[in-house]
Amino acid sequence: MHLIIAEKNIAARRIAEILGGKEKLSTKKDGSVFVYEFGDTRVMGLRGHVVEVDFEPGYDNWRSVTHPPRSLIEAGIIKRATEAKLVSLLQKAARRSDKVTIATDYDTEGELIGKEAYELVRAVNKTVPIDRAHFSAITPEEINRAFAETKPLDFNLAAAGETRQIVDLVWGASLTRFISIAAKRGGGNILSVGRVQSPTLAMIVDREREIEAFIPEPYWMIRLDTEKGGCEIEARHTHGRFKEKADAQASVAASIPPLTVTEVIEGEKNDRAPSPLDTTTLIVAAGRLGYSAANAMRIAEDLYMNGYISYPRTDNTVYSKSLNLKGIVQDLSHGVFAEDGKWVLGNMRAKPTRGKKETTDHPPIHPTSYGSPEKIGEGAWKLYEFIVRRFFATLSPDAKWKTMKVNLSAGTEPYTTTGSTLIVPGYRSIYPYSDAKELNLPELSVGMILPINAVHLDEKETKPPARYTQSRLIQRMEELGLGTKSTRHEVIQKLIGRKYIEGNPLRPTLVGRAVTNTLSTYADTITKPEMTRSLEDHMNQIKDGQKQSANVLAESRDMLNCVFNQLEANEQHIGSDIMEMTVEESIVGPCPVCGHSLRIRRMGSSQFIGCMHYPDCTFNISLPPGTWGGAVRTKEVCPVHSLHHISLVRKGARPWDLGCPLCSHIASNKEALGMIPECSEDLISTLHTHHMYSITDIIGENADDLAKILGISRKKAESLQQSAEGVIACLKRRTEMKKFIRTHITPRRGRSPVKVANTLIEAGVGDITALGKADSALLKEAGVVGEEAETLISEAKKESDSRILRDLGIPAASLKKYLAAGITAPEDFIRTHPAGISIASGVTIETVIKHVSLITDYYSLKSPGKITNAAFRKGRSDLLELPGVGEATLRKLADSGIYDRKSLLAAEDAVPGISEEVLATLKKEAAKA
């Protein structure tokens, strides 16, 4: 009996139908396993891997002292069957076979699956001949050829796949176990870490950081409307982006008739037909059609299994000479593609296009048989049609465009416009997936005068880098050597499944950011692509016989041991950081106000319990900061409020049981409520009766309703709320100062940031502004001394000053320039003349004066006089023409308010940095002019 083993049931059925030909095909089913028979041949389909690698017994207990996470690096590896019934039937058939052919997909994964089948067969039949069928499409021609030209199993290729399996198991299991235990996460809340998924996640997190740190800067673009013979034309100013509005406005003002054509450049552009499809290119294109990466590969796999396209996992972008391209076009030239197929046959290029990557395992992805929309189905049709039309395009002639570039002048201002006309459609006749559009310009010639219908000044802003789409991320993964063509989309799905990323385009969740930020801080090797790329390169060398699996596994263990050296040295910090940063919600019980669920929520180091019915219900319960321990729900329930008790869990310390969170909330807010002068014990008791437990509850209530609840007048209710707002503002400033201190001082034994902040608050330093003015002796009392104390005070002053400037209305883009020039405090703007600020920062004089006026108004000082940008530029130019005046001297003059010859001549006071003799000489020179 001849036993054929395919990778999946659908492939087994198709292969049996093709090889059986006219012979009668019978189907037998044993449980969920199908066997297809014809003549003396049986065809069985696996379910991908029916054997998995695992650790030897004894490593299942995550909290084992004997086998901690690091021990998994050196743990023994075993193989175990995952499909016992299927393996039993396979071996039963193998015992009676006199020939076995492995017909799994021909790639690393498929070869490993084939080797697993080989070993299962060999375990029960030591002598049966086993060969291998290589095919790239499940079509009659390809399958018959593959079984007529069978080859031996490629054990090197399978070894590369098995090595990757073991490496991924050891890295993933050991790191996931370590991080999850450190962060006290178990069950369905484990934190997954892996050698490919972690650097991939880091790319998404890094991009999000770039977006958050991005400060948009304004710029201006000028365009001009004209026409000729009723044809509207839009021209762009050749300067492109103007960084200063005044410069752009000056150019708009100078854009006056006549609008003259100064140059006409005509030419032709060759538009090359696209290259054949590899896996990454297919996923990118599918993304533009609305398919996710995983969905695109699932559909492509189904199309392949049903014989409509070639194998969809390939890096090849060059058709082999043996591929009958013309025959494939002929087979497709009916139904939906009848006209397009005939056009391709009549216009086929001498040689098909080719990409940069050429391999010999599989051809580029291409259609292998005709499928109608009805047969293929609505969900898959768009992708199949794209593959067909891309194939047609690779065999079609290039397109050609006639191009025209026209340069014009409006007054003294240069403009340009471009046009393009498709003169030879070429491949575009059958490939409608390009964004290129025709833009026809009327006939224009040098010297021609055109009307100026309008000049537009468009204000825009620079944009942050775009988030990754799934397809763009896969491209980037390929560039960095992360994963393989078969696994990249699976990595993305795993990240989505773990709730590390979400949305489209992709953005990290707080859990994803927490894991990445922590790993980047304490073991950044895991989040960088270099390690993974190195391992991938070496595993690929196993395929070619250049490296042995044992050597690569030993190298992998060495790398992982180095990572664990970093992790174990920082285990406590890693656990606490993740627990503080992650938002792992758990239901506590019913909301006392609306009855909906209350859930633990975390934001950074703060944590609280909030109502799930927000914003309709704003009830919430504050909790101690995460630095005291992560809040977890316990089984015990409060008999009064029906809420689960909460414990704060911190490594190295016994859990701190808060008890009922609402009982704790009432107790912890008692002191804050007591800070409000009007709050008596009776009044607080009345507030509690109406589910008002904190200062924010008082402030958030309508004054009339509050008066009714407390049985007081509206005036007293308003007074109570005003007092509450004062208290909460005070508490908010204290909190901000505590966060600021936490980010600027290093915790030491006996000196925590909280302890430092509390000492300062007791001494009357309750906010960042006060901290910036604090005496170093007070900080010494709080445990902060020397350079660290000076830095803390200096940074607090900078932060306070920046906040004042932002609050006064100075935009972020301008503020960035001021800070870079050393102009950091409001007094800097008052002390220095606007001319000096403008020259130092590069901000235009009119803008500087506007910003200085905001500050002088705030401090009730006299506003500076007006200076136009044009006058300032001319004055600066005139001064630079004076002998002995360079940029350094100009800056000193400007700081003292001397920005032109007139102000120089009028100067009576000495100029810092310039001697009286030099100043007198400059005045004489200015007078001559």
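Residues numbered from 1 in each chain as written. Predicted model: local features only at pLDDT ≥ 70, side-chain atom pairs only at ≥ 80, totals over all residues. Heavy atoms only, no water.

**Some remarks on the overall build of the chain**
For step 1, the next point in the chain: Each helix and strand in the chain was counted, giving 36 helices and 24 strands.
For step 2, the next point in the chain: The C-alpha atoms of the chain give 37 Å as radius of gyration, which overshoots the globular expectation for 929 residues (30 Å, by more than 25%).
For step 3, the next point in the chain: Overall size of the chain, expressed as C-alpha extent along the three principal axes, is 110 × 90 × 60 Å.
For step 4, the next point in the chain: Burial analysis of the chain (929 residues in total) assigns 48% to the buried set.
For step 5, the next point in the chain: Contacts in the chain between residues far apart in sequence, at least 24 positions, make up 66% of those at least 6 positions apart.
For step 6, the next point in the chain: When the accessible surface of the chain is split by element, carbon and sulfur atoms take 50% of a total near 44,600 Å². (Helix = DSSP H or I, 4+ residues; strand = E, 2+ residues; numbered from the N terminus. Rg over C-alpha atoms; globule rule 2.2 N^0.38 Å. Buried < 20%, exposed > 50% of the residue type's maximum accessible area, 1.4 Å probe, protein only. Contact = heavy atoms within 4.5 Å. Areas by Shrake-Rupley, 256 points an atom, 1.4 Å probe, with all protein chains shown as cover.)

**Describing the sheet that holds strand β12 (residues 399–410)**
For step 1, the next point in the chain: Read across the sheet, 7 strands follow the order β14-β11-β12-β13-β10-β9-β15 without closing on themselves; strand pairing throughout is antiparallel. One side of each edge strand has no neighbouring strand; the edge strands of this open sheet are β14 (449–450) and β15 (454–461).
For step 2, the next point in the chain: Summarising the sheet, strand β9 (residues 218–228) and strand β10 (residues 231–237) pair through 6 bridges and their orientation is antiparallel. Paired with Leu224 across the two strands is Ala235, which belongs to β10.
For step 3, the next point in the chain: Running at roughly 15° to β9, helix α7 (residues 245–254) makes contact with β9, β10, β12, β13 (413–424) and β15 of the sheet. (Pairing = 2+ DSSP bridges. Axes fitted to C-alpha atoms, helices over the stretch in contact; angles between N-to-C directions.)

**With respect to unusual backbone geometry**
Residues other than glycine predominantly adopt negative phi, and peptide bonds predominantly adopt the trans conformation.
For step 1, the next point in the chain: Here Pro257 and Pro258 are connected by a cis peptide whose omega angle stands at 5°.
For step 2, the next point in the chain: With respect to the helices and strands, Pro258 occurs in the loop between α7 and β11 (259–271).
For step 3, the next point in the chain: Between Tyr614 and the following residue, Pro615, the backbone shows a cis peptide bond with an omega angle of 10°.

**Considering the packing of aromatic side chains**
For step 1, the next point in the chain: Applying the stated criterion across every chain yields a total of 22 aromatic pairs.
For step 2, the next point in the chain: Judged by centre distance (6.1 Å) and plane angle (50°), the ring pair of Tyr427 and Tyr431 falls under tilted.
For step 3, the next point in the chain: Relative accessible area serves as the criterion here: at 5%, Tyr427 is assigned to the buried category.
For step 4, the next point in the chain: Residue classification places Tyr431 among the buried residues on the basis of a relative accessible area of 8%.
For step 5, the next point in the chain: Between Phe619 and Tyr693, the aromatic rings sit 6.1 Å apart at their centres with planes inclined by 75°, giving edge-to-face as the arrangement. Of the two residues, Phe619 sits in the loop between β20 (606–611) and β21 (620–622) while Tyr693 sits in the loop between α21 (681–689) and α22 (695–700), which places them 74 residues apart along the sequence.
For step 6, the next point in the chain: A connected cluster of aromatic rings, assembled from ring pairs, spans Tyr308, Tyr319, Phe337, Tyr370, Trp381, Tyr384, Phe391 and Phe392.
For step 7, the next point in the chain: Of note, Arg207 hangs over the ring of Tyr468, and the distance from its end group to the ring centre comes to 4.5 Å.
For step 8, the next point in the chain: Across from the ring centre of Tyr219, 4.1 Å away, lies the NZ or CZ of Arg241, which sits over that ring. (Phe/Tyr/Trp six-rings, centres within 6.5 Å; stacked < 30°, edge-to-face > 60°. Lys NZ or Arg CZ within 6 Å of the ring centre and 35° of its normal.)

**Let's talk about the UniProt feature "domain: Toprim" (unreviewed entry) in the chain**
For step 1, the next point in the chain: As annotated by UniProt and renumbered to match this structure, "domain: Toprim" (unreviewed entry) occupies residues 1–136.
For step 2, the next point in the chain: Segment residues 1–136 splits into 30% helix and 29% strand. End C-alpha atoms: 26 Å apart. (UniProt positions renumbered as here; feature names shortened; annotations may be inferred.)

**Quick word on the nonpolar core**
For step 1, the next point in the chain: One finds Trp171, Leu175, Ile179 and Leu567 to be the most contacted residues of the largest nonpolar core, which totals 59 residues.
For step 2, the next point in the chain: With 10 residues, the top contributor of residues to this core is helix α5 (residues 155–182).
For step 3, the next point in the chain: Leu567 has contacts with Leu175, Phe178, Ile179, Leu519, Ala523, Ile526 and Ile574, leaving out every residue within four places of it along the chain.
For step 4, the next point in the chain: Counting residues in hydrophobic clusters, the runner-up holds 58 residues, among them Ala6, Phe135, Leu303 and Trp381. (Core = buried A, V, L, I, M, F, W, Y, C linked by side-chain atoms within 4.5 Å.)

**Quick notes on helix α31 (residues 834–841)**
For step 1, the next point in the chain: α31 sits mainly inside the fold: 7 of its 8 residues count as buried.
For step 2, the next point in the chain: Residues of α31 that are buried include every one of Pro834, Ala835, Gly836, Ile837, Ser838, Ile839 and Ser841, and no others.
For step 3, the next point in the chain: At its buried positions, α31 is contacted by α29 (812–820), α30 (826–831), α32 (845–858), α33 (869–880) and α34 (887–895).
For step 4, the next point in the chain: Positive phi shows up at Gly842, right after α31, with a value of about 85°.

**Describing helix α15 (residues 488–497)**
For step 1, the next point in the chain: Taken together, the buried positions of α15 are occupied by Arg488, His489, Val491, Ile492 and Leu495. Along the axis of α15, the buried positions cluster into a sector of 155°, meaning they face one direction only.
For step 2, the next point in the chain: Positive backbone phi, approximately 60°, marks Lys499, located one or two places after α15. (Arc of directions from axis to C-beta.)

**As for the UniProt feature "active site" (unreviewed entry) in the chain**
For step 1, the next point in the chain: Here the UniProt-annotated "active site" (unreviewed entry) positions come out as Tyr311.
For step 2, the next point in the chain: Residues in contact with Tyr311, not counting those within four places in the same chain, are Asp105, Tyr106, Asp107, Ser136, Tyr304, His362 and Ile365.

**Describing the sheet that holds strand β19 (residues 597–603)**
For step 1, the next point in the chain: Strand order in this open sheet of 4 strands is β18-β19-β20-β21, and the pairing throughout is antiparallel. The open sheet has two edge strands with one neighbour each: β18 (587–590) and β21. Taking each pair of neighbouring strands and ignoring which way they run, the sheet shows an average axis angle of 25°.
For step 2, the next point in the chain: Where β18 lies against β19, 3 bridges are found, and the strand directions are antiparallel. Along β19, the bridge assignment pairs Gly589 with Leu598.
For step 3, the next point in the chain: Against the sheet, helix α20 (residues 661–674) makes contact with β18, β20 and β21, and its axis sits at roughly 65° relative to β21, the strand it touches most.

**A closer look at the state of the cysteines**
For step 1, the next point in the chain: Scanning the entire structure with this criterion turns up 0 disulfides.
For step 2, the next point in the chain: Considering cysteine sulfurs only, Cys594 is the nearest to Cys617, which forms no disulfide, with 3.7 Å between them.
For step 3, the next point in the chain: Assessed through its relative accessible area of 6%, Cys617 is described here as buried.
For step 4, the next point in the chain: Cys660 takes part in no disulfide bond, and the closest cysteine sulfur, belonging to Cys638, lies 3.6 Å away. (Disulfide = S-S within 2.5 Å.)

**Details of the packing of helix α1 (residues 9–20) against helix α4 (residues 140–148)**
For step 1, the next point in the chain: Their axes nearest at 10 Å, the elements α1 and α4 cross at an angle of 80°. One finds that α1 runs roughly perpendicular with respect to α4. Taken together, the residues of α4 that come into contact with α1 (itself represented by Ile15, Ile18 and Leu19) are Pro140, Ile143, Asn144 and Phe147.
For step 2, the next point in the chain: When grouped by side-chain class, the residues that make up the contact of α1 with α4 number 6 nonpolar, 1 polar and no charged. (Parallel < 35°, antiparallel > 145°, perpendicular 65-115°, else oblique. Nonpolar A, V, L, I, M, F, W, Y, C, P; charged D, E, K, R; others polar.)

**Observations concerning the packing of helix α8 (residues 279–288) against helix α14 (residues 470–480)**
For step 1, the next point in the chain: Look at α8 against α14: their axes get within 8 Å of each other, and the N-to-C directions meet at 160°. By the criterion of interaxial angle, the relationship of α8 to α14 is roughly antiparallel. Crossing of α8 against α14: the hand is left-handed. In contact with Thr280, Ile283 and Val284 of α8, α14 contributes Ser471, Ile474, Gln475 and Glu478.
For step 2, the next point in the chain: A class-by-class count of the residues in the contact of α8 with α14 yields 3 nonpolar, 3 polar and 1 charged. (Left-handed = near helix turned anticlockwise from the far one by under 90°.)

**Focus: a nonpolar patch on the surface**
For step 1, the next point in the chain: Where nonpolar side chains cluster on the molecular surface, the patch consists of Ile830, Tyr858, Tyr859 and Leu861 and spans about 380 Å² of accessible area.
For step 2, the next point in the chain: Mapped onto the secondary structure, Leu861 falls in the loop between α32 and α33. (Patch = residues over 30% accessible without salt bridge, like charges linked within 9 Å, V, L, I, M, F, W, Y side chains within 5 Å. Salt bridge = Lys/Arg side-chain N within 4 Å of Asp/Glu carboxyl O.)

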